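# Survey of secondary and tertiary structure
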Number of protein chains: 2
Amino acid sequence: MKATIYDVAKQAGVSIATVSKVINQTGRISEETRAKVNRIMQELNYQPSVVASALTGKQTYTLGLLLPDLANPFFAEIARSVEDRAHELGFSVMICSTDNNLLREERNISLLKQKSVDGIIIATGVRNDTILKDLKKQNFPVALIARDMPSLAIDTVLVDDFIGGHMAASHLIEQGHRQIAVIAEDTLVMSSKERIRGYRFALEEAGIAYNPELVRISDFKVTDAKQVAGEMLDSPEPPTAIFACNDLLATGVIQAVRERGLSVPGDLSVVGFDNTLLATIIDPPLTTVAQPIQEMGQRVVDLIIRIINDKNSTKQRVVMLPELVIRSSVSRPGEYRNK
Amino acid sequence: MKATIYDVAKQAGVSIATVSKVINQTGRISEETRAKVNRIMQELNYQPSVVASALTGKQTYTLGLLLPDLANPFFAEIARSVEDRAHELGFSVMICSTDNNLLREERNISLLKQKSVDGIIIATGVRNDTILKDLKKQNFPVALIARDMPSLAIDTVLVDDFIGGHMAASHLIEQGHRQIAVIAEDTLVMSSKERIRGYRFALEEAGIAYNPELVRISDFKVTDAKQVAGEMLDSPEPPTAIFACNDLLATGVIQAVRERGLSVPGDLSVVGFDNTLLATIIDPPLTTVAQPIQEMGQRVVDLIIRIINDKNSTKQRVVMLPELVIRSSVSRPGEYRNK
DNA sequence: CTGAAAGCGCTAACAC
DNA sequence: GTGTTAGCGCTTTCAG
């Protein structure tokens with residue numbers, strides 16, 4: 001059986017209170033007994049039970065992380081960075097993929113609460129904010145990453161999507177494009193909305209008329225983006241550039257182009273969003289708006305731990321700046337049109 | 001404050017024992033009181049504390065999952081499938097990336113044990129088996145996925161790597177290749193060894209001399225694979241095909257080819273391993289040896305839960321068959337050599 | 001059928 | 001400095 005605090009106490013000839021004190025470095029104990037207890041703990045290979053200590057009202061040192069899909073490289077990278085920071089600080093993280101399904105979100109949150117996680121980080125993109133409201137009402141520690149809910153005072157870290165969208169579109173405009181399409185995953189989600197707003201603003205600045213025909217919604221699957229891009233390519237007046245609201249969708253549009261025997265960026269320029277592994281792996285390497293995933297992950301866990309330690313700490317919204325990473329998927333329109 | 005079993009008991013006018021019984025559906029309680037208690041639980045929005053119940057010796061319903069790197073698509077996909085099955089069965093999963101670092105593995109395992117996870121699934125590729133031995137000695141539930149440790153009797157689910165390597169090489173041989181190289185991530189790891197052994201065997205069968213010059217080791221990063229592949233391409237007698245021991249490495253070799261103004265499969269045929277998202281996304285779509293990731297994830301959690309429920313259940317090794325997925329990265333050597 | 005009570009491993013007053 | 005003791009929320013005999 002695993003050693004308990006009683007075993008240590010007995011072996012060391014002290015009381016369990018004393019052992020507890022040396023474990024938690026509280027109270028005052030003589031150097032001598034401290035050393036002895038420590039030695040015994042070593043010998044017995046004693047590990048305090050987080051479960052028992054949690055029951056007495058202490059933390060469980062575990063965080064919940066809700067995201068749409070771990071198999072999506074963007075979220076996998078987010079998860080990795082959250083995990084890294086959490087581990088640094090002694091926390092574990094329970095990850096739950098929800099597929100953006102409301103029911104699963106609810107179930108997972110309730111599960112996480114039963115397990116007494118100290119806080120929950122949410123990256124999932126619900127349209128619905130009742131879940132968040134509930135959590136807030138119960139004063140349960142929550143923080144958002146890569147998604148926004150400006151109507152609620154919740155700690156959040158995200159990238160400025162408006163600027164990101166603006167960057168993508170401006171870059172394309174600077175390269176001479178005027179027929180610029182957008183493919184977004186879901187216009188109901190804040191970040192998509194903002195990216196599109198940034199895009200529109202860039203168009204306006206450049207005096208280009210906004211054409212609603214050019215902004216399309218796709219499912220989150222690459223095949224769907226491919227399909228949507230394909231339709232646009234086959235239209236009588238195809239765009240010369242497409243801004244895909246994330247790298248995964250961008251790969252779909254690149255595939256659509258290739259399938260038609262055309263080339264990127266020769267026949268169509270493409271810019272993505274996120275700067276995941278994918279951007280470096282596809283051909284051509286993708287020009288994309290980078291989110292500082294590492295930093296974002298780090299910041300959310302710092303945020304949530306702050307809340308855990310002080311439930312009344314003032315809420316923060318940290319918005320980071322995206323950055324345009326230029327690779328090879330954009331050129332001037334018509335530049336190599338005839339190869 | 002959160003409602004406890006006492007609150008429910010008081011409200012329902014029964015003892016906590018009775019409430020406990022209706023929660024766990026143990027003992028015998030009248031339909032009447034059962035209904036009443038259930039109603040009160042609803043009203044109070046009562047959720048039993050997993051922590052408290054774990055302290056009494058019951059399970060925590062959480063699993064640990066150790067893997068090298070969540071940001072690697074293969075492992076992200078594994079994690080996703082493990083997570084799915086675990087949730088189905090009411091378990092949560094704590095994920096830990098170890099970067100294949102022994103120290104981190106140890107730390108994480110010890111952390112997971114302090115948190116009383118019910119079992120640990122290991123996908124990480126330690127060369128060292130002492131950790132596993134320790135776990136086994138303590139009779140702690142462990143299961144391996146996508147890695148092997150045949151010297152220890154541990155529940156495992158993996159793909160037959162020998163056959164996989166054989167498939168990859170045979171396919172290439174059938175296409176007429178004779179100068180076939182391999183890039184592996186780490187020859188000390190079982191699965192790499194086996195894949196290479198399968199490759200050698202296929203060569204032998206075909207009467208092709210084995211040339212150790214053609215099997216190279218690379219770091220796990222794509223840039224490294226690119227570098228290694230580049231060296232081979234620049235050699236006086238470059239291979240006409242490369243078998244990359246995973247899809248990520250394969251993307252590296254494709255990049256190396258492209259960087260030299262050559263093409264896949266025109267100048268070099270490539271076959272990968274794993275069949276992750278990457279395989280469908282790169283250009284050309286990658287011919288690769290598929291691992292049944294979904295099933296594998298499902299099976300390990302079934303395995304580990306079996307062990308949890310019966311620590312003495314006989315160990316199982318479930319080895320699944322890989323499958324060659326033919327896409328467009330392989331052609332006959334020289335076929336389009338001059339475009 | 002239902003309840004009283006012991007105990008899971010640990011923390012935190014409060015004594016000594 | 002160190003020990004006693006009362007919980008934390010729940011499960012589980014064992015009586016009744």
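- Going by what an unreviewed UniProt entry lists, chain A is known as LacI family DNA-binding transcriptional regulator and is assigned to Paenibacillus ehimensis.

## Things to note about the nonpolar core
- Membership of the largest hydrophobic core comes to 153 residues, with the highest contact counts inside it found for I95, Y199 and F243 of chain A together with I95, Y199 and F243 of chain B.
- Every residue in contact with Y199 of chain B, bar those within four places of it in the chain, is listed here: G165, H166, A169, I180, A181, V182, Y210, L214, V215 and F243 of chain B.
- Listed in part, the 34 residues of the second largest apolar core include I109, V142 and L152 of chain A together with I122 of chain B.

## Things to note about the interface of chain A and chain B
- Facing the 51 residues of chain A at the interface are 51 residues of chain B.
- For the pair chain A and chain B, the interface holds 8 salt bridges.
- As a salt-bridge pair, D283 of chain A and R258 of chain B come within 3.2 Å of each other at their nearest N and O atoms.
- The interface formed by chain A and chain B holds 22 residue pairs in polar contact (both at pLDDT 80 or more) in total.
- Among the secondary structure elements, those contributing two or more residues to the side of chain A that touches chain B are helix 4 (50-55), helix 5 (73-88), strand 2 (92-97), helix 6 (102-114), helix 11 (247-259) and helix 12 (277-281) of chain A.
- Considering each element in turn, the side of chain A that touches chain B owes the most residues, 8 residues, to helix 5 of chain A.
- Counted by class, the side of chain A that touches chain B contains 24 nonpolar, 15 polar and 12 charged residues.

## What to know about the protein's contact with DNA strand D
- Taken together, 26 residues sit near DNA strand D, with T18, K21 and T33 of chain A together with I5 and Y46 of chain B positioned nearest.
- The protein-proximal atoms of DNA strand D, defined as those within 4 Å of the protein, are 59% sugar or phosphate.
- Between DNA strand D and S30 of chain A, the relevant distance is 2.8 Å, taken from a phosphate oxygen to a main-chain nitrogen or oxygen of the residue.
- Within the backbone of S49 of chain B, an N or O atom sits 3.1 Å from a phosphate oxygen of DNA strand D.
- Those elements that provide at least two residues to the surface near DNA strand D are helix 2 (16-24) of chain A together with helix 1 (5-12), helix 2 (16-24) and helix 4 (50-55) of chain B.
- Examining the composition of the surface near DNA strand D, we find that 4 residues originate from one element, helix 2 of chain B, more than from any other.
- Within the surface near DNA strand D, the residues separate by chemical class into 11 nonpolar, 12 polar and 3 charged.

## Observations concerning the relation of the copies chain A and chain B
- When chain A is brought onto chain B, the operation consists of a screw motion whose angular component is 180 degrees and whose axial shift is 0.1 Å, with 0.1 Å RMSD remaining. Each copy turns onto its partner about a two-fold axis. Closest to the rotation axis within chain A is the C-alpha of M94 of chain A, separated from it by 2.2 Å.
- Interface overlap between copies is the fraction of interface residues in one copy that are interface residues in the other; for chain A against chain B it reaches 100%, indicating a shared surface.

## Observations concerning the side chain of N108 of chain B
- By the element assignment, N108 of chain B lies in helix 6 (residues 102-114).
- Using a relative accessible area of 6% as the deciding quantity, one classes N108 of chain B as buried.
- Beyond its immediate stretch of four places on either side in the chain, N108 of chain B contacts H87 of chain A together with L66, C96, S97 and T98 of chain B.

## Re the protein's contact with DNA strand C
- Around DNA strand C sit 26 residues, and of these I5 and Y46 of chain A together with T18, K21 and I29 of chain B come closest.
- When the atoms of DNA strand C within 4 Å of the protein are grouped by moiety, sugar and phosphate amount to 67% of the total.
- A distance of 2.9 Å separates a phosphate oxygen of DNA strand C from a polar side-chain atom of S20 of chain A.
- Breaking the surface near DNA strand C down by element, the ones donating at least two residues are helix 1 (5-12), helix 2 and helix 4 of chain A together with helix 2 of chain B.
- Looking at the surface near DNA strand C, the element that brings in the most residues is helix 2 of chain A, giving 4 residues.
- Taken together, the residues of the surface near DNA strand C break down into 12 nonpolar, 11 polar and 3 charged.

## Concerning the sheet that holds strand 10 (residues 287-290) of chain B
Residues and elements named next belong to chain B.
- With respect to topology, 6 strands assemble into an open sheet ordered 7-6-8-9-10-12, the strand pairing being mixed. Unpaired on one side and paired on the other, strand 7 (215-217) and strand 12 (323-325) mark the two borders of the sheet. Ignoring which end each strand starts from, the neighbouring axes of this sheet average 20 degrees apart.
- The sheet contact formed by strand 9 (residues 269-274) and strand 10 spans 4 bridges and is parallel.

## Here we look at the packing of aromatic side chains
All names here are of chain B.
- Under the definition given, this model contains 8 aromatic pairs over all chains.
- Note on F74 and F75: the rings are 5.0 Å apart at their centroids and 70 degrees apart in plane angle, and the pair reads as edge-to-face. Note on accessibility: F74 and F75 belong to one class, buried.
- When the ring centre of Y210 is taken as origin, the NZ or CZ atom of R200, which lies over that ring, is 3.6 Å away.

## Focus on the sheet that holds strand 7 (residues 215-217) of chain A
Residue and element names in this part refer to chain A.
- Sheet architecture is open: 6 strands sit in the order 7-6-8-9-10-12, paired in mixed fashion. In this open sheet, the two edge strands, each paired with only one partner strand, are strand 7 and strand 12 (323-325). Mean inter-strand twist for the sheet, computed between neighbouring axes without regard to direction, equals 20 degrees.
- Looking at chain direction, strand 10 (residues 287-290) and strand 12 are connected through 3 bridges and run antiparallel. Paired with A290 across the bridge in strand 12 is E323.
- Against the sheet, helix 8 (residues 161-174) contacts strand 6 (180-184), strand 8 (241-244), strand 9 (269-274), strand 10 and strand 12, and its axis sits at roughly 160 degrees relative to strand 9.

## Observations concerning the environment of I281 of chain B
- Along the polypeptide, I281 of chain B turns up in helix 12 (residues 277-281).
- With 30 residues separating them in the primary sequence, I281 of chain B and T251 of chain B have C-alpha atoms 9.9 Å apart.
- If sequence neighbours within four positions are ignored, I281 of chain B has contacts with L248, T251, Q255, L278 and I282 of chain A.

## Here's the deal with the pairing of strand 2 of chain A
All names here are of chain A.
- For strand 2, the buried fraction is high: 6 of the 6 residues fall into the buried class.
- Burial along strand 2 is two-sided: S92, M94 and C96 facing one way and V93, I95 and S97 facing the other are all buried.
- Sheet topology note: the strand 1 (residues 62-67)/strand 2 ladder contains 6 bridges and is parallel. When the sheet's bridge partners are listed, T62 is paired in strand 2 with S92.

Cut-offs applied
Residues numbered from 1 in each chain as written. Chains lettered and ligands numbered in written order. Predicted model: local features only at pLDDT ≥ 70, side-chain atom pairs only at ≥ 80, totals over all residues. Heavy atoms only, no water. Core = buried A, V, L, I, M, F, W, Y, C linked by side-chain atoms within 4.5 Å. Buried < 20%, exposed > 50% of the residue type's maximum accessible area, 1.4 Å probe, protein only. Contact = heavy atoms within 4.5 Å. Salt bridge = Lys/Arg side-chain N within 4 Å of Asp/Glu carboxyl O. Polar contact = N/O pair within 3.5 Å; in protein donor to acceptor, adjacent residues only side chain to side chain. Helix = DSSP H or I, 4+ residues; strand = E, 2+ residues; numbered from the N terminus. Nonpolar A, V, L, I, M, F, W, Y, C, P; charged D, E, K, R; others polar. Near = heavy atom within 4 Å. Least-squares fit on C-alpha atoms with pLDDT ≥ 70 in both. Pairing = 2+ DSSP bridges. Axes fitted to C-alpha atoms, helices over the stretch in contact; angles between N-to-C directions. Phe/Tyr/Trp six-rings, centres within 6.5 Å; stacked < 30°, edge-to-face > 60°. Lys NZ or Arg CZ within 6 Å of the ring centre and 35° of its normal.

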